[in-house]
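Each chain, written out:
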Amino acid sequence: MNQIDFQHPSFKDQIRFYVLVFLSFLVMSVGYYLGISSYILGWFAFCISAFSVAGNDAVQTVGTFIESKKSVHWFPKLAALGGLLALVFGYAWWSASGEVHFHRLDNFTPPAEYNFLQLIAPIVLVIITRLKSPISTTFLILGLFGGQNIEKMLTKSFLGYMIAFITALVVWGILVKVDPKEYYDDHMPDPRTERKWAILQWFSTLFLWAAWLAQDAANIVIYLPRQLNWMELVGAVSILIGALGIILYTNGGTIQEIVTEKSDIQWSKAATIVDLVYASILIFFQKISNMPMSTTWVFLGMLAGREIVLNFLTYRDAPYLETFRKVGKDVLLASIGIAVSIFIFLLASQFYPEKTSFIPRFLK
């Protein structure tokens, strides 16, 4: 039996995927125009966003884990990450009187009812993810619910890119100086050492997963009531674990290529350090303010700094132009993602001006 290559789907796989996306769009559209209650539509949008948001952001959260643990069956990975997800959401629900957005939605007014663009945004995100674009789910989703916060989210996200870039230059610059041979292209880690780091990577991935949930879970739960009862909590967690299972089963899907092409990321030690640095940066920004930010830009900034410093200090065979091509491609795709998000936001301002009071100042 041939193994399915989820990063490079066949033509038939693409057809099946887009047919399913179209059916989801059709069901959402019919439900909206038939006047189905916002509560039901919100849960349907939540199901789609659970897969689309987590799928697009999987490259930055469990991407390195998937890449270095391809030999491990997907179910143990789901048990560990899904179990932690249940614990994190359970703690948030218990400590915040039924709220599970980790205070990231404190500046967003709960909508009385959803407009059409808010409901189809997760479907648009599914398509963009399939096209391997690391779009900011924060801008695409939350921008439609609180346009007055876009300026603050943009500022915090771009600041996150710069800090992550500089941090990566410093961290991996030091690591290369300490042991330059470890970062050469032909380096093969010692099997015994690699096994030790493989164990540590499980913990670093769980640490990063918890940090990401606290930062970006708001992009998914925006479609749920702000306060959940215990049955709604169980339902929401079950849906999220199911979406996570699909992502792990497909090894991250097509967007996983962003991680696959980066230097030595398949080794457990390299992946563990990436996870620890990235999670630490996320926690740093969580402490600064509750305003949501694009974790995608933070991740890309860290990868860019890491790739550049490794290429420069180890004198790799890959030409500098190739390195900057990889980094530039990620930034370009992410920039296109922001452009798409802002376009959808501007479109929403024309149809639902009462929801986007920020539009005049934004255009100025």
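These numbers were taken from a predicted model, which means no experiment stands behind them.

Reading the values: the criteria
Residues numbered from 1 in each chain as written. Predicted model: local features only at pLDDT ≥ 70, side-chain atom pairs only at ≥ 80, totals over all residues. Heavy atoms only, no water. Helix = DSSP H or I, 4+ residues; strand = E, 2+ residues; numbered from the N terminus. Buried < 20%, exposed > 50% of the residue type's maximum accessible area, 1.4 Å probe, protein only. Contact = heavy atoms within 4.5 Å. Axes fitted to C-alpha atoms, helices over the stretch in contact; angles between N-to-C directions. Parallel < 35°, antiparallel > 145°, perpendicular 65-115°, else oblique. Phe/Tyr/Trp six-rings, centres within 6.5 Å; stacked < 30°, edge-to-face > 60°. pLDDT = per-residue confidence, 0-100. Lys, Arg positive; Asp, Glu negative; His and termini not counted. Salt bridge = Lys/Arg side-chain N within 4 Å of Asp/Glu carboxyl O. Polar contact = N/O pair within 3.5 Å; in protein donor to acceptor, adjacent residues only side chain to side chain. Left-handed = near helix turned anticlockwise from the far one by under 90°.

Scanning the protein for helices and strands turns up 15 helices and zero strands. Each of the 364 residues in the protein was classed as buried or not, and the buried ones make up 53%. Partitioning the contacts of the protein with sequence separation of at least 6, the portion at a separation of at least 24 is 86%.

A pair of packed helices is captured by two measures, namely the crossing angle of their axes and the spacing between those axes. For the pair helix α1 (residues 11-33) and helix α5 (residues 116-130), interaxial distance at closest approach is 10 Å and the crossing angle is 175 degrees. Relative to α5, the element α1 lies roughly antiparallel. Residue-level contacts link D13, Q14, F17, Y18, V21, S24, F25, M28, S29, Y32 and Y33 of α1 to F116, L119, I120, I123, V126, I127 and R130 of α5.

A word on the packing of aromatic side chains. Aromatic ring pairs: the centre-centre distance and the angle between the two ring planes describe each pair. By the definition in use, this model includes 19 aromatic pairs. Seen in terms of ring centroids, Y39 and W43 are 6.4 Å apart; in terms of plane orientation they differ by 65 degrees. Their pairing is edge-to-face. Taken together, the positions of Y39 and W43, both in helix α2 (residues 38-61) and four residues apart, correspond to about one turn of that helix. Judged by its relative accessible area of 15%, W43 is buried. Taken together, a centroid distance of 5.3 Å and an interplanar angle of 80 degrees make the contact between F284 and F285 edge-to-face. With relative accessibility at 43%, the residue F284 sits in the partly exposed group. Note on F285: relative accessible area 0%, which makes it buried. Following the ring pairs from residue to residue traces out a cluster consisting of F25, Y32, Y33 and F116.

Of the residues in the protein, 82% have a pLDDT of 70 or more, and the chain-wide mean is 81. Summarising per-element confidence for the protein, the mean pLDDT is lowest in helix α15 (residues 359-363) (39) and highest in helix α4 (residues 74-95) (93). Low pLDDT, under 50, characterises residues 355-364; the predicted model gives this stretch 21 contacts beyond four residues in sequence or across chains.

Relative to the helices and strands, R226 resides in the loop between α9 (218-221) and α10 (230-249). The buried charged residue R226 lacks any salt bridge, with D106 as its nearest oppositely charged partner at 6.3 Å. Only 3.4 Å separates the side chain of R226 from the backbone oxygen of L105, close enough to count as a polar contact. A polar contact is formed between the side chain of R226 and the backbone oxygen of F108, at a distance of 3.0 Å. Excluding residues that lie within four positions of it along the chain, R226 makes contacts with G98, E99, V100, H101, L105, F108, T109 and P110.

Quick look at the packing of α4 against α10 now. Contact pair α4 / α10: the axes reach a minimum separation of 9 Å and the direction vectors enclose 150 degrees. By the angle between their directions, the pair α4 and α10 is classed as roughly antiparallel. Pair α4 / α10 crosses with right-handed handedness. Mapping the contact onto sequence places W74, K77, L78, L81, G82, L85, A86, F89 and W93 in α4 and W230, L233, V237, L240, I241, L244, G245, L248 and Y249 in α10.

Its identity is not glycine, yet S97 carries a phi of approximately 55 degrees, on the positive side. As for its position among the elements, S97 is in the loop between α4 and α5. Of note, the phi angle at H103 is positive, near 65 degrees, even though the residue is not glycine. Counting through the fold element by element, H103 comes out in the loop between α4 and α5. Residue H103 is classed as partly exposed on the basis of its relative accessible area of 42%.

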